[in-house]
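The chain contents come next:
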Amino acid sequence: MTTFPPRTQQLDSADGTGLTARDAMHAPGPQVDDHMAVDVALSVLIGARVPHLLLRDEDGRCAGLVTRAQLAAHRGGSWYSDRTRLRDIPLDRGPFTSSASILGEAEAAMRVRTLDVSPVIDEHGYALGVLALTP
């Protein structure tokens with residue numbers, strides 16, 4: 001698990017480390033609306049030099065995470081058109097990692113779902129950051 005130095009310690013966690021997903025998350029990076037065209041999103045991702053984009057729904061809540069590989073795969077498909085929107089492509093739409101989740105439990109859940117990266121959300125569904133597993 002990639003972690004940053006903890007901001008706070010909770011002494012009663014199940015794994016004994018006292019760390020939560022909030023303590024180990026990275027900054028969220030660029031966030032885009034899920035109605036954005038795939039071509040535009042790919043340009044944003046390349047221009048920002050980031051491995052993924054967080055998607056927001058019409059209310060600004062986290063709607064998913066998309067990677068360069070996912071965008072490139074959909075862009076190259078025979079079904080693709082320049083009107084294809086991010087919300088129209090298959091991608092992980094949750095459940096996402098709660099900021100209060102115990103770090104060990106969050107890591108185990110990501111491994112079960114075979115996720116390398118998961119959005120970390122607050123109690124209202126807004127993205128606070130991302131949690132990334134290291135190989």
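The rules behind each value
Residues numbered from 1 in each chain as written. Predicted model: local features only at pLDDT ≥ 70, side-chain atom pairs only at ≥ 80, totals over all residues. Heavy atoms only, no water. Helix = DSSP H or I, 4+ residues; strand = E, 2+ residues; numbered from the N terminus. Buried < 20%, exposed > 50% of the residue type's maximum accessible area, 1.4 Å probe, protein only. Contact = heavy atoms within 4.5 Å. Areas by Shrake-Rupley, 256 points an atom, 1.4 Å probe, with all protein chains shown as cover. Salt bridge = Lys/Arg side-chain N within 4 Å of Asp/Glu carboxyl O. Arc of directions from axis to C-beta. Core = buried A, V, L, I, M, F, W, Y, C linked by side-chain atoms within 4.5 Å. 1 Å grid on protein atoms, 1.4 Å probe; cavity = no way out; pocket = protein on both sides within 12 Å on 5 of 7 lines; lining within 4 Å. Points joined across faces, edges and corners; volume = space filled by probe spheres on them. Nonpolar A, V, L, I, M, F, W, Y, C, P; charged D, E, K, R; others polar.

- An unreviewed UniProt entry lists the protein under the name CBS domain-containing protein, with Streptomyces kebangsaanensis given as the organism.

Details of the overall build of the protein
Now for step 1: Looking only at helices and strands, one finds 4 helices and 6 strands in the protein.
Now for step 2: Counting only residues that meet the buried cut, the protein has 41% of its 135 residues in that class.
Now for step 3: Contacts spanning at least 24 positions in sequence make up 51% of the contacts within the protein whose residues lie at least 6 apart.
Now for step 4: When the accessible surface of the protein is summed, it comes to about 7,400 Å², and 54% of that surface belongs to carbon and sulfur atoms.

Quick word on the environment of Leu86
Now for step 1: With respect to the helices, strands and loops of the structure, Leu86 is situated in the loop between helix H3 (68–75) and strand E4 (97–98).
Now for step 2: C-alpha of Leu86 to C-alpha of Val40: the two residues are 46 residues apart in sequence and 9.8 Å apart in space.

Concerning the pattern of salt bridges
A pair can form between side chains of opposite charge whenever their charged atoms are brought close.
Now for step 1: Taken as a whole and judged by the stated rule, the model has 4 salt bridges.
Now for step 2: A salt bridge links Asp33 to Arg56; the shortest N-O distance between them is 3.2 Å. Of this pair, Asp33 sits in strand E1 (residues 31–33) while Arg56 is found in strand E2 (residues 52–56), placing the two residues 23 residues apart along the sequence.
Now for step 3: With relative accessibility at 26%, the residue Arg56 sits in the partly exposed group.

Things to note about unusual backbone geometry
Now for step 1: Note that the residue after Gly94, namely Pro95, is joined by a cis bond; omega there is 5°.
Now for step 2: In this structure, Pro95 sits in the loop between H3 and E4.
Now for step 3: At Arg49, a residue that is not glycine, the phi angle is positive and equals roughly 55°.
Now for step 4: By the secondary structure assignment, Arg49 is in the loop between helix H2 (38–48) and E2.

A closer look at H2
Quick reminder: α-helices carry 3.6 residues per turn. Residues three or four places apart thus point the same way.
Now for step 1: Considered for burial, the residues of H2 that qualify are Val38, Ala41, Leu42 and Leu45. Buried residues of H2 fall within an arc of 100° about the axis and therefore sit on the same side.
Now for step 2: Residue Arg49 follows H2 closely and has a positive phi angle near 55°.

As for the nonpolar core
Now for step 1: Within the largest apolar cluster, 14 residues are counted, with the highest numbers of intra-cluster contacts made by Leu53, Leu55, Val66, Leu71, Leu86 and Ile89.
Now for step 2: Among all residues touching Val66, those that are not within four sequence positions of it are Leu45, Pro51, His52, Leu53, Leu55, Leu71, Leu86, Ile89 and Leu91.
Now for step 3: The next biggest cluster of nonpolar side chains, apart from the first, holds 11 residues, and it includes Leu19, Ala21, Met25 and Val120.

Describing the layout of surface pockets
Gaps between atoms show up when a probe of the same size as a water molecule is rolled over them.
Now for step 1: For the largest pocket, the calculated volume is near 230 Å³.
Now for step 2: Taken together, Pro51, His52, Leu65, Thr67, Gln70, Asp92, Thr114, Leu115, Asp116, Val117, Ser118 and Pro119 make up the lining of the largest pocket.
Now for step 3: Mapped onto the lining of the largest pocket, the elements with two or more residues apiece are strand E3 (62–67) and strand E5 (117–121).
Now for step 4: For the lining of the largest pocket, the per-class residue count stands at 5 nonpolar, 5 polar and 2 charged.

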